[in-house]
Amino acid sequence: MYKSDLPIHSVLISPIHLAEQLKVELEGVQYTQEDLIFFVHEQTDKKWIWPNTVWLEPKVLKIESIKDASNKLRSIFRGAWQSYTPYLHRRTKLIEENIKVFKPKRYNYLDNLSPFAEWMLLDETTILYSLRTSANAPMGQVEFNEDKTSPPSRAYLKLWETFTCHISPPTNNDIVMDLGACPGGWTWVLKNHASKVISVDKAPLDKKILAASNVTYLAQDAFKLRKEDVPEVSWLLSDIACYPEKLLELVQYWMTADTIKTFVCTVKLQDKFNPSLVEDFQKIPNSKLFHLYQNKNELTWILQR
Ligand SMILES: C[S@@+](CC[C@H](N)C(=O)[O-])C[C@H]1O[C@@H](n2cnc3c(N)ncnc32)[C@H](O)[C@@H]1O
């Protein structure tokens, strides 16, 4: 049972296996932890990187009974509720019998995501809920009906999540550059949207991907590519396996190319999270840095301008 008397300003849900990374982010912030749920007890304007989702407006609701809880939740929000049950499982289930409950599902690529709310019991007579969360899917969990035959790697799931949950995909007016493209999972996604995909990697691209009429493969070091080599590119995507410092240099160089309007980059990390390595990405105006559900020990940085 939740024991603290401190106010709860936000609730962070950690990705499984990456709670240690989130704890580094929480250093200096007053919080308590219950399983993968982190209750933040102070107002902070931190831009959270690691949580699967953040409850942006947690509210406390006093309840007198199970029936009272269902009635109150229903009157607050008629759509589907997602519960969290670190404790009081049975009581939660009983309350759920009379409210609309979110049914875990696998999404299709570019599915429309329906609104939802999240809640939990803090104790027998206290509910904590939030109508606004940072993620577009309950618990920030975005599992897809995967294509297990066509893409040459599972990296395509990161772009599926990016385009389903965060930004619109490129259009046939776009020329896109996919850096660190081998074996071609991202290029496989991009070739169905953009007019042309320039795929760059020192390692070879999968033959099926290479055969697409709108894919051009450059077998070279992505860091040596210059603006004049690829004029009129409107998107830069990078999944290059490299240190964050190197990626930052690359991004800073390509930000001087006026034609590039959108950047989507994976920031690969070492074992222990070092915030100072990624803070320069966070400082770039209008960009966001966050952990996709499909990211492992890595982050995604997006800039649209
Ligand atoms: C995680 S893999 C990319 C997976 C790819 N996005 C996909 O969807 O299949 C990382 C890639 O970065 C490439 N890489 C590493 N250093 C590079 C460099 N200097 N120039 C180009 N590619 C590089 C590696 O060869 C490797 O193929």
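Residues numbered from 1 in each chain as written. Predicted model: local features only at pLDDT ≥ 70, side-chain atom pairs only at ≥ 80, totals over all residues. Heavy atoms only, no water.

**Section: the packing of aromatic side chains**
Threshold: Pairing of aromatic rings covers Phe, Tyr and Trp, the last counted by its six-membered ring, and requires centre-to-centre distances within 6.5 Å; plane angles under 30 degrees mean stacked, over 60 mean edge-to-face, and any other angle means tilted. Here a strand is any run of E in DSSP of at least two residues, a helix any run of H or I of at least four, and the numbering for each starts at the N terminus. With a 1.4 Å probe rolled over the protein chains alone, any residue whose accessible area is under 20% of its type maximum counts as buried; one over 50% counts as exposed, and the rest are partly exposed. By definition here, charges over rings are those cases where NZ of Lys or CZ of Arg is within 6 Å of the ring centre and within 35 degrees of the ring normal.
For the coordinates displayed, the defined rule picks out 14 aromatic pairs. Look at Tyr31 and Phe38: their rings are 5.7 Å apart centre to centre, the planes differ by 45°, and that puts the pair in the tilted class. Residues Tyr156 and Trp160 carry aromatic rings whose centres are separated by 4.8 Å and whose planes lie at 90° to one another, so their mutual orientation is edge-to-face. With Tyr156 and Trp160 both in helix α4 (residues 156-166) and four residues apart, the pair spans about one turn of that helix. Residue class for Tyr156 comes out buried when judged on its relative accessible area of 1%. A cation over a ring is seen here: Lys227 above Tyr253, with NZ or CZ 5.4 Å from the ring centre.

**Considering the sheet that holds strand β7 (residues 116-123)**
Note the following rule: A pair of strands counts as paired when DSSP detects no fewer than two bridges linking them. Lines fitted to the C-alpha atoms define the axes, with helices restricted to the stretch that makes contact. Angles between their N-to-C directions range from 0 to 180 degrees. Contacts between residues were defined by any pair of non-hydrogen atoms, one from each residue, lying within 4.5 Å.
Pairing is mixed across the open sheet formed by four strands, whose spatial order is β5-β8-β7-β6. Each edge of the open sheet carries a strand with a single partner, namely β5 (59-62) and β6 (80-84). Averaged over all pairs of adjacent strands, the angle between strand axes in this sheet comes to 30°, irrespective of strand direction. Summarising the sheet, β5 and strand β8 (residues 126-130) pair through four bridges and their orientation is antiparallel. Within β8, the position partnered with Lys62 by the bridge is Thr126. Docked against the sheet, helix α2 (residues 66-76) engages β5, β6, β7 and β8, running at close to 140° with respect to β5. This element, helix α3 (residues 89-96), spans β6 and β7 of the sheet and lies at about 140° to β7.

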